[in-house]
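Structure assessment
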Amino acid sequence: MVKINILIIGDHGLVMDGIRQLLEREPDLEVVGAVFSPAELEKEIAHFQPDIIVIDAPSQRQNNLIWTKNISSRFPASKVVMLSGDASAEYVHAVHEAGAYAFVSKCDSAETLIHAIRESYRGVKSFPTDLTFHDGSPLTDMELDVLDLIARDKTNREIGEQLNISKRTVEHHVSSILRKLHVKSRAGAVGKAFRLGLLE
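Heads up: these notes are all about the structure in this document. (Residues numbered from 1 in each chain as written. Predicted model: local features only at pLDDT ≥ 70, side-chain atom pairs only at ≥ 80, totals over all residues. Heavy atoms only, no water.)

Notes on the pattern of salt bridges
Under the criterion given, the structure shown has eight salt bridges. Measuring nitrogen to oxygen at the nearest pair gives 2.9 Å for the salt bridge that ties Asp 28 to Arg 118. Taken together, the residues Asp 28 in the loop between α1 (13-23) and β2 (29-35) and Arg 118 in helix α5 (residues 110-121) connect sequence positions 90 residues apart. On the basis of relative accessible area, Asp 28 is assigned to the buried category, the value being 14%. Asp 148 is the salt-bridge partner of Arg 152, the closest N and O atoms lying 2.9 Å from each other. What makes Asp 148 partly exposed here is its relative accessible area of 27%. (Salt bridge = Lys/Arg side-chain N within 4 Å of Asp/Glu carboxyl O. Helix = DSSP H or I, 4+ residues; strand = E, 2+ residues; numbered from the N terminus. Buried < 20%, exposed > 50% of the residue type's maximum accessible area, 1.4 Å probe, protein only.)

Following this line, the structure appears as structure tokens:
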């Protein structure tokens, strides 16, 4: 069985011990380490090379977002799952924009956290379903293919020919991409996709 390696970041030892015990009950999850100090963060990530990083969010919200952005840019193979007591729409959107793969409220069940970790490992984002991007995180494989060709300046007709789909179907995918990424133009979609790490 392939193990999902997890690194926990936080500032409360007892809470982090509880999270570790909770996760290690699952046969496919393994906590490889815990980080208490931001100064150790990059060194520990480089050392453990975790698949998933669970941030048990301390009260300084801005720090959590900075950590998430830094991890997403410097260690893209390690996917961030944010565990926080602040589940406001504004904050969850900020976590999403920072590059996290999942947001789990501390009011949610253990099963929600475990599910978010497994989905993130698979490359599927998990965010509260009552937010406006709930139907589009992440984009489907076909939408990502369309977006990649948009980024290469292909027209809808050229995209259809390359992907062997009709122009009308391409238009449907483009509309869906714009809606899911909350942008109004193809250029806006490409820019947002690069910021979110959907395009390289």
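What about the packing of helix α6 (residues 141-151) against helix α7 (residues 156-163)?
Contact pair α6 / α7: the axes reach a minimum separation of 10 Å and the direction vectors enclose 130°. In this view, α6 runs oblique relative to α7, as classed from their interaxial angle. In this structure, α6 meets α7 at a crossing whose hand is right-handed. Taking contact as the criterion, the partners of Met 142, Asp 145, Val 146, Leu 149 and Ile 150 in α6 are, on α7, Ile 159, Gln 162 and Leu 163. Broken down by class, the residue content of the contact of α6 with α7 amounts to six nonpolar, one polar and one charged. (Axes fitted to C-alpha atoms, helices over the stretch in contact; angles between N-to-C directions. Parallel < 35°, antiparallel > 145°, perpendicular 65-115°, else oblique. Left-handed = near helix turned anticlockwise from the far one by under 90°. Contact = heavy atoms within 4.5 Å. Nonpolar A, V, L, I, M, F, W, Y, C, P; charged D, E, K, R; others polar.)

A short note on the environment of Glu 161
Assignment of secondary structure puts Glu 161 in helix α7. We classify Glu 161 as exposed; its relative accessible area is 58%. Through-space distance from the C-alpha of Glu 161 to that of Leu 181 is 24 Å; in sequence the pair is 20 residues apart.

Looking at the environment of Val 32
Mapped onto the fold, Val 32 is located in strand β2. In sequence terms Val 32 and Glu 200 are 168 residues apart; their C-alpha atoms lie 29 Å from each other. Residues in contact with Val 32, not counting those within four places in the same chain, are Asn 5, Ile 6, Leu 7 and Phe 48.

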